[in-house]
Amino acid sequence: GSAIALREDTPLIPNTPDNKAELVDELRGLTKSLRVRQRLRGWTAALKTFPRRNLDGAKWLLLVLNVPANTIQVTGYTDRQEASEVIADIEKSKDADELVS
């Protein structure tokens, strides 16, 4: 938000660097630690090859992006509770930080 505020000459977000160089350094560090580029590349690749079959009747879609493998798994659900339970299981798994749902 502060990076955009600097561009627009509007008030910065509280507790963020007010120096442009410091802000850029902080954002670069966060981009690297959060693996933003890898995640965006994964989503880009996934969207290009998004499977549109075997989803008839599904009301909810669960997209699981595997960042290291650069793959996506799509599962359709007709029952919201079932989808919620699968999401909870994924979030509890040891591989959850490599998967984005």
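Colleague: Can you explain the overall build of the protein chain? Please cite residues and give values.
Modeller: Scanning the protein chain from N- to C-terminus turns up four helices and three strands. Its helices and strands taken in sequence order, the protein chain reads α-α-α-β-β-α-β from the N to the C terminus. In the protein chain, buried positions account for 18% of the 101 residues. Restricting the contact set of the protein chain to residue pairs at least 6 apart, pairs at least 24 apart contribute 37%.

Colleague: Lay out the nonpolar core with the relevant residues and their values.
Modeller: If you look at the biggest cluster of nonpolar residues, it comprises six residues: Ala46, Leu55, Leu65, Val67, Ile72 and Val74. If you look at the next biggest cluster of nonpolar residues, it comprises five residues, including Leu62, Tyr77, Ala83 and Ile90.

Colleague: Pulling in residues and values, what's your account of the confidence of the model for the protein chain?
Modeller: Of all residues in the protein chain, 86% have pLDDT values of 70 or greater, and the mean over the chain is 83. Across the protein chain, the secondary-structure element scoring lowest on mean pLDDT is strand β3 (residues 99-100), at 52, and the one scoring highest is helix α2 (residues 20-33), at 93.

Colleague: Account for α2, with residues named and values stated.
Modeller: Spacing of three or four residues puts side chains on the same side of an α-helix, whose turn is 3.6 residues. Here α2 spans 20 Å end to end across 14 residues, near enough to the 20 Å set by a 1.5 Å rise per residue. Between the side-chain oxygen at the start of α2 and the backbone nitrogen of alanine 21 there is a gap of 2.8 Å, and the oxygen is on asparagine 19. A positive phi of about 55° marks arginine 35, the residue just after α2.

So, how was this worked out
Residues numbered from 1 in each chain as written. Predicted model: local features only at pLDDT ≥ 70, side-chain atom pairs only at ≥ 80, totals over all residues. Heavy atoms only, no water. Helix = DSSP H or I, 4+ residues; strand = E, 2+ residues; numbered from the N terminus. Buried < 20%, exposed > 50% of the residue type's maximum accessible area, 1.4 Å probe, protein only. Contact = heavy atoms within 4.5 Å. Core = buried A, V, L, I, M, F, W, Y, C linked by side-chain atoms within 4.5 Å. pLDDT = per-residue confidence, 0-100. Expected span 1.5 Å × (residues − 1). Polar contact = N/O pair within 3.5 Å; in protein donor to acceptor, adjacent residues only side chain to side chain.

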